[in-house]
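# Residue-level structure breakdown
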Amino acid sequence: MNVISGTSLFLAAVLPLTAQTVPVPKKTPMPQPQATAAAIHSQAIVIDTHADTPQRFLDENYDLAMPLNGGQINLDAAKQGNLGAEFFSIWVEPDLYKDHYARRTLELIDSVYQQAAKHPDRMQMAFSPADILAAHRNHKLAALMGIEGGHSIEDSLPLLRDYYRLGVRYMTLTWSNSTDWADSSGVIDPKNPNDPKVPHTQEGLTEFGKDVVYEMNRLGMMVDISHVADKTFYRTLVITRAPVIASHSAARALCDAPRNMTDDMLRAVAINGGVVQVNFYSGFISQAYRNASIAQKPEVDKAIQDFKDKAKAEGRQVTYADLEKIQRSYADKIPRPPLTALIDQIDHIAKVAGIDHVGLGSDFDGVGGQLPQGIDSAADLPKITAALMARGHSAEDIHKLLGGNLMRVFAAVQAIAE
């Protein structure tokens, strides 16, 4: 055999093989460590849209640097729970302060300013989303205010404007009492909305009531539809030019309280672009707790009336703290629902309205400590993040409901006003 010819044949056979690219085994990407619930919570701007602590400021001479003493918010608890912004509720008990709603409103507003003045290194007043971000950068609690109950304006648009000038950034159209211009869920039974024994407006809002909503839109004050009757809710959504909030409400599908919102109402808020901030009160998140509370109500009402009668006979002024103490002595006898009851509410609203339309509105310091198990103060807010993460919610979704959704609505309301 010709050696050269044989070599040529060998090379002809081998060269095509050597010209081929030798496959390089692909490296399996290293799994990225999943962010922990603690990390997700610590990176969020956590906003709570409802705490009744100003009642404590006035009636108990309470200071946010003091121990909780049965309450749910102080500066230490806020820091532990990474609470970035709190809307302090300016709520005037309508029976105790019947002849001076505006005076009590102004005193409550002043009490919030006094706290910020006492603790400038730990909290600051805030009036816009930009202010919340500034407080966050300064590692301070952003203190905002929302009026709970339209009776505080005493049928006066100038007074409404004054409250805005003083820093109030939302108003609940009604509390549990109706006004002359808006109906409350506290007196209107959704199963018998036209009960002739209960005074109510024809459309849920009178012409003046519509003017209140329009003026809030013009000012850049968020319209809060927690507490309103169903008819008032729908009328408000028809006329408002800006997204609304429910500062502290829950889902009626899971707990049949008139204060809660039906699935149709939740969807309507989503269409409006608004947000539902979930109330933590056991009587709004758990049907079992609500049933026990209803059974107990006649006894509680009698105890409160007896206390009022005795105080009147002795010439003493009854405070909200007095009434809350009585209510709590009875409510503490009812077992608190598990934390899952609150998480179920958040999940339900997220599924019905969408993850962009749910947030947190605790009602801290306003429900006599009747919160789900494991939630005793603002320090426990990280437990909510952990529970949501355990149910498969992403970090992005959790950041939205912890505060991002409220920031979006707040900014939209102010942009529309401008």
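Residue positions within a chain follow its written sequence, with the count starting from 1. Confidence filtering applies because this is a predicted model: local features only for residues at pLDDT of at least 70, side-chain atom pairs given and counted only at 80 or more, and all residues used for totals across whole chains, interfaces and linings. The side-chain numbers reported here are obtained from all heavy atoms of the structure, hydrogens and water having been left aside.

A word on the overall build of the chain. Assigned secondary structure in the chain consists of 16 helices and 9 strands. For this measure, only C-alpha atoms enter the radius of gyration; the expected value for a globule follows 2.2 Å times N^0.38, where N is the number of residues. In summary, the chain has a C-alpha radius of gyration of 28 Å against a globular reference of 22 Å for 418 residues, an excess of more than 25%. Along the first, second and third principal axes, the C-alpha set of the chain runs to 130 × 45 × 45 Å. Relative to its full complement of 418 residues, the chain shows a buried share of 55%. Summarising the internal contacts of the chain: among those between residues at least 6 apart in sequence, 74% fall at separations of at least 24. Total accessible area on the chain stands at roughly 18800 Å², and carbon and sulfur atoms take up 56% of it. The charge count treats Lys and Arg as positive and Asp and Glu as negative. His and the chain ends do not count. Taken as the charge location is NZ of Lys, CZ of Arg, CG of Asp or CD of Glu. On the chain, the mean spot of the 40 positive side-chain charges and the mean spot of the 49 negative ones are 4 Å from each other. Only runs of H or I of at least four residues qualify as helices and only runs of E of at least two qualify as strands under DSSP, and these elements are numbered from the N terminus. Here's how the labels work: a residue is buried when its accessible area is under 20% of the maximum for its type, exposed when over 50%, partly exposed in between, all with a 1.4 Å probe on protein chains only. Every residue pair with non-hydrogen atoms within 4.5 Å of one another is taken to be in contact. For the accessible areas, the method is Shrake-Rupley and the probe is 1.4 Å, while residue cover comes only from the protein chains on display.

What follows deals with the environment of Leu144. Positionally, Leu144 belongs in strand S4 (residues 141-148). Distance from Leu144 to Tyr97, taken between C-alpha atoms, is 23 Å for residues 47 residues apart in sequence. Here Leu144 is in contact with Ala85, Glu86, Phe87, Phe88, Ala126, Phe127, Ile132 and Phe410, once residues within four sequence places are set aside.

With that settled, consider helix H15 (residues 381-390). Among all positions in H15, only Leu381, Ile384, Thr385, Ala387, Leu388 and Met389 are buried. Contacts made by the buried residues of H15 are with helix H2 (37-42), strand S1 (46-51), strand S2 (83-91), helix H14 (339-353) and helix H16 (395-417). Residue Gly392 follows H15 closely and has a positive phi angle near 100 degrees.

Tracing the chain through its elements places Leu402 in helix H16. Those residues within four positions of Leu402 in sequence are excluded, and the remaining contacts are His41, Ala44, Ile45, Val46, Ile47, Leu360 and Thr385.

The pLDDT value expresses, per residue, how confident the predictor is, ranging between 0 and 100. Averaged over all residues, the pLDDT of the chain equals 92, while 92% of them reach at least 70. Per-residue pLDDT stays below 50 along residues 1-22; that stretch engages in 2 contacts with residues further than four places along the chain or on separate chains.

Attention now goes to the packing of helix H7 (residues 157-165) against helix H8 (residues 207-219). With axes taken as lines fitted to C-alpha atoms, and helix axes fitted only over the stretch in contact, angles between N-to-C directions fall between 0 and 180 degrees. Where H7 meets H8, the closest approach of the two axes is 11 Å, and the angle between their N-to-C directions is 30 degrees. With respect to H8, the element H7 is oriented roughly parallel. Crossing geometry of H7 relative to H8 is assigned as right-handed. Between H7 and H8, the contacting residues are Leu157, Leu160, Arg161 and Tyr164 on the first element and Phe208, Asp211, Val212, Glu215, Met216, Arg218 and Leu219 on the second. By definition in this entry, angles of less than 35 degrees are roughly parallel, angles greater than 145 are roughly antiparallel, angles of 65 to 115 are roughly perpendicular, and the rest are oblique. It is the rotation of the near helix from the far one that decides the hand of a crossing: anticlockwise by less than a right angle makes it left-handed, clockwise makes it right-handed.

The salt bridge criterion pairs a side-chain nitrogen of Lys or Arg with a carboxyl oxygen of Asp or Glu, the two atoms within 4 Å. Scanning all chains against the criterion turns up 21 salt bridges. Linking Arg104 and Asp59 is a salt bridge whose minimum nitrogen-to-oxygen distance equals 3.2 Å. Here Arg104, found in helix H5 (residues 101-118), pairs with Asp59, found in helix H3 (residues 54-59); they are 45 residues apart in sequence, far enough to count as distant. Ionic contacts of the salt-bridge type, sharing partners, join the residues Arg161, Glu215 and Arg218 into one network.

Time to look at the packing of aromatic side chains. Note on aromatic pairs: the rings of Phe, Tyr and Trp (six-membered ring only in Trp) are paired at centre separations within 6.5 Å, and the planes decide the class, stacked below 30 degrees, edge-to-face beyond 60, tilted for the rest. Scanning all chains against the criterion turns up 10 aromatic pairs. Ring-pair connections join several aromatic residues into one group, and the members of that group are Phe87, Tyr170 and Phe410. To sit over a ring, a charge needs its Lys NZ or Arg CZ within 6 Å of the ring centre and within 35 degrees of the ring normal. Arg56 extends its terminal NZ or CZ atom over the ring of Tyr62, reaching a point 3.9 Å from the ring centre. Lying across the ring of Tyr164, Arg169 places its NZ or CZ 3.7 Å from the centre.

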